[in-house]
Amino acid sequence: SQITGQQLNFSITGVRFPPGETILDQESEQSLSRLCADLRQSLDAETSTLYVLGLSGKEATETKQWMLSAKRAQTVARYLEDALAQKNPVSTDNAGQANSPKWRVFWWGAGPGGNWAGQDCPDPGQAQILIAVLKSGG
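Just so it is clear, the structure is predicted and the values come from calculations on it, not from any experiment. Residue indices begin from 1 for each chain and proceed along its sequence in written order. Reporting in this predicted model follows two pLDDT cut-offs: at least 70 for local features of residues, and 80 or more for side-chain atom pairs to be given and counted; totals over whole chains, interfaces and linings ignore these cut-offs and use all residues. Working from all heavy atoms in the structure, the side-chain values ignore hydrogens and water.

Quick notes on the overall build of the protein
Applicable threshold: In this description a helix means any DSSP run of H or I spanning at least four residues, a strand means any run of E spanning at least two, and both kinds are numbered starting from the N terminus. A simple rule labels every residue: compare its accessible area, found with a 1.4 Å probe on the protein chains alone, to the largest value its type can have, and call it buried under 20%, exposed over 50%, or partly exposed in between. Using a 1.4 Å probe, accessible areas were evaluated by the Shrake-Rupley method; residue-level cover was limited to the displayed protein chains.
The helix and strand inventory of the protein stands at 2 helices and 4 strands. Each helix (α) and strand (β) of the protein, taken in turn from the N terminus, gives the series β-α-β-α-β-β. Per-residue burial for the protein yields a buried fraction of 36% across its 138 residues. For the protein, the accessible area works out to roughly 8500 Å², and carbon and sulfur atoms hold 47% of it.

Here is the structure:
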C-alpha cells in the first residue's frame, strides 16, 4: 500500500441507507455534519486524509453489491468534501488567491464487506459507512 501515516482513527458511522438506495436521509446528513464539525476542531486538513468505505447488504447479484457499496461511499465522500469546504476558513495570499488546504477524501466500495476487511469488520446490517482518518506528520 502507498498509504502511510502516523496515526489512524477508524469510525463506524450511523449513516444508513434504505435497501438498494444511495441517497442520504436527514438523520444521516446531521450525523455527517456533526462529524465534519469534530474533524475541523480536532484535525488539520493539511495533515489529515479521510477514507470512506461503503458496505452493502444483500443484493440480487455480487456485482450489484459492489456497485451499491461504491455509490454509497461516493455519496458520503462528496457530502464530506462539500461540507468541509464550506466551513473551512479561507485565507488569501498576496495575489488574492485562496491558499487554505483542501481536505483530501478518498472512497471505495467493499461490497458486502467480509473477511478481507478484517475479523472486526462490522456486518453491513450494523454499519454501511466506515470512515478512517489518517494523520501524517505536521
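Here's the deal with the nonpolar core
Note on soluble globular proteins: their nonpolar side chains tend to be buried together. Convention followed: We call a set of buried Ala, Val, Leu, Ile, Met, Phe, Trp, Tyr and Cys residues a nonpolar core when their side-chain atoms join them within 4.5 Å. In this description, contact between two residues means that some pair of their heavy atoms is separated by no more than 4.5 Å.
With 21 residues, the main nonpolar core has Leu50, Val52, Val76, Leu80 and Ile131 as its most contacted residues. Of all elements in the fold, only helix H1 (26–42), strand S2 (48–54), helix H2 (62–87) and strand S4 (129–135) reach the threshold of two or more residues within this core. Per-element tally for this core: the top contributor is H2, with 6 residues. Contacts of Val76, omitting those with residues within four sequence positions, involve Val15, Phe17, Leu24, Leu32, Val52, Ile129 and Ile131.

Topic: the packing of aromatic side chains
Between two aromatic rings, the relevant description is the distance of the centres plus the angle of the planes. Put simply, the rule reads: Within 6.5 Å between ring centres, the rings of Phe, Tyr and Trp (the latter by its six-membered ring) count as paired, and their orientation is classed by plane angle as stacked under 30 degrees, edge-to-face over 60, tilted in between.
Tallied over the entire structure, the rule returns 2 aromatic pairs. With 5.6 Å between their ring centres and 20° between their planes, Tyr51 and Phe106 make a pair best called stacked. Here Tyr51 is found in strand S2, whereas its partner Phe106 is found in strand S3 (residues 104–109), with 55 residues between them in sequence. Residue Tyr51 is classed as buried on the basis of its relative accessible area, which comes to 13%. Take Phe106: its relative accessible area is 42%, and that puts it in the partly exposed class. Among the aromatic side chains, those forming a connected cluster through ring pairs are Tyr51, Phe106 and Trp108.

Details of the side chain of Ser48
Our working definition: Two N or O atoms count as a polar contact when they lie within 3.5 Å, although within protein this holds only if one can serve as hydrogen donor and the other as acceptor, and sequence-adjacent residues are included solely when both atoms are side-chain atoms.
Its location among the elements puts Ser48 in strand S2. Note on Ser48: relative accessible area 0%, which makes it buried. A distance of 3.0 Å separates a polar side-chain atom of Ser48 from the backbone oxygen of Asp44. Apart from residues no more than four positions distant in its own chain, Ser48 is found in contact with Leu43, Trp103, Arg104, Val133, Leu134 and Lys135.

Thoughts on the pairing of S2
The condition is simple: When DSSP finds two or more bridges between a pair of strands, those strands are recorded as paired.
Taking burial as the measure, the 7 residues of S2 include 7 buried ones, the bulk of the element. Along S2, one buried face is formed by Ser48, Leu50, Val52 and Gly54 and the opposite face, lined by Thr49, Tyr51 and Leu53, is buried too. Judged from the 7 bridges that link them, S2 and S4 form a sheet pairing that is antiparallel. Note on S4: the bridge partner recorded for Ser48 is Lys135. Alignment of S2 against S3, held across 6 bridges, turns out to be parallel. Across the sheet, Thr49 pairs through a bridge with Arg104, a residue of S3.

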